Amino acid sequence: SPGTDTDHGLPSAIKLDTGAADFSVRGCIVENLWGLEQGRGYGVLVGEVDAGVIDGNVFRGAVGRGRHAVYLSAGATSNKVTNNHVSAFQRDGITVFSQGVQPASTDNIIDRNTLVDCIDDLDSPADGPKFGAISLSGRVSRNRVTNNIILRSAGCGVRLHGTAKTGELIDLGSKVGIVEK
């Protein structure tokens, strides 16, 4: 075990990048991540990967120890993020993001996850929070966010931000609850 002090931990637990496809991350417990700055504190980091499944995992963050539980970026397409439990991550718990010249992240499904006590470190601009328990941002399209439970998010429950999003489905049905702290 990588320890729990600020000098020990994993910068990222699992990284899947260009060329990986049809992967599966199931039944894992991810904790003791290290850091919040870009490039550190990721549970599962996915970039330009198709048809993966991240299902039934437990992601535990803590102060200074967890930027994103699941980060789909730079062309991540047709991945499923389902049935995960995410707690105490200090940025977006689950995010889909592509920027600039990166390929768009499309057709991903985020369904039946529970996110609790995410977004503890807001650093919000005057026009509102820049993080959400679940976030779709930048060059993303046709992603589905359905049947998730979000409790005590200090930012947005679900955040949609940027200019290139088309066809996103955000379903805030009866099984989704956003509860104040």
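Worth saying up front: this structure is predicted, and the values here are computed from it rather than measured.

Calculation rules
Residues numbered from 1 in each chain as written. Predicted model: local features only at pLDDT ≥ 70, side-chain atom pairs only at ≥ 80, totals over all residues. Heavy atoms only, no water. Helix = DSSP H or I, 4+ residues; strand = E, 2+ residues; numbered from the N terminus. Buried < 20%, exposed > 50% of the residue type's maximum accessible area, 1.4 Å probe, protein only. Contact = heavy atoms within 4.5 Å. Areas by Shrake-Rupley, 256 points an atom, 1.4 Å probe, with all protein chains shown as cover. Pairing = 2+ DSSP bridges. Axes fitted to C-alpha atoms, helices over the stretch in contact; angles between N-to-C directions. Salt bridge = Lys/Arg side-chain N within 4 Å of Asp/Glu carboxyl O. Polar contact = N/O pair within 3.5 Å; in protein donor to acceptor, adjacent residues only side chain to side chain.

Next up on the list: the overall build of the protein. Each helix and strand in the protein was counted, giving 0 helices and 19 strands. By residue count, 47% of the 181 residues in the protein fall in the buried class. Long-range contacts, defined here as pairs at least 24 residues apart, represent 80% of the contacts in the protein between residues at least 6 apart. When the accessible surface of the protein is totalled, it reaches about 8,300 Å², and 50% of it is carbon and sulfur.

Our next topic: the sheet that holds strand 1 (residues 12-16). Strand order in the open sheet formed by 6 strands is 1-4-7-10-14-18, with parallel pairing between adjacent strands. The sheet is open, and its two edges are formed by strand 1 and strand 18 (156-161), each paired on a single side. Neighbour-to-neighbour, the strand axes of this sheet turn through a mean angle of 10°, independent of strand direction. The sheet contact formed by strand 7 (residues 68-73) and strand 10 (residues 94-98) spans 4 bridges and is parallel. When the sheet's bridge partners are listed, Tyr71 is paired in strand 10 with Thr95.

Here the focus is the pattern of salt bridges. Under the defined criterion, the tally for this structure stands at 4 salt bridges. A salt bridge links Asp55 to Arg26, with the nearest nitrogen and oxygen atoms 3.5 Å apart. Linking Asp55 in strand 5 (residues 53-55) with Arg26 in strand 2 (residues 24-26), this pair joins segments that are 29 residues apart in sequence. Residue Asp55 is classed as buried on the basis of its relative accessible area of 17%. With a relative accessible area of 49%, Arg26 lands in the partly exposed category.

What follows deals with the sheet that holds strand 3 (residues 29-30). Reading across the sheet, the 5 strands line up as 3-6-9-13-17 and stay open at both edges, with parallel pairing between neighbours. Taken across any chain shown, the strands that pair with only one partner, and hence form the sheet edges, are strand 3 and strand 17 (149-151). Of the pairings in the sheet, the one linking strand 13 (residues 114-116) to strand 17 comprises 3 bridges and is parallel in character. Looking at strand 17, one finds that Leu115 is bridged to Ile150.

Further remarks concern the side chain of Asp111. The topology assignment puts Asp111 in strand 12 (residues 109-111). A polar atom in the side chain of Asp111 sits 2.6 Å from the side chain of Thr146. In this view, Asp111 contacts Val81, Thr82, Asn83, Thr146, Asn147 and Asn148; residues no more than four positions away in its chain are not counted.

What follows covers the environment of Tyr71. Considering the arrangement of structural elements, one finds Tyr71 in strand 7. On the accessibility criterion, Tyr71 (14% relative accessible area) is buried. Considered as a pair, Tyr71 and Leu45 are 26 residues apart in the sequence and their alpha carbons are 4.9 Å apart.

For the rest of this paragraph, the subject is the environment of Leu115. As for its position among the elements, Leu115 is in strand 13. Judged by relative accessible area, Leu115 falls into the buried class, the value being 1%. Separated by 38 residues in the primary sequence, Leu115 and Ser153 have C-alpha atoms spaced 8.1 Å apart. In contact with Leu115, other than residues within four places in its own chain, are Val86, Gly93, Ile94, Ala133, Ile134, Ile149, Ile150 and Leu151.

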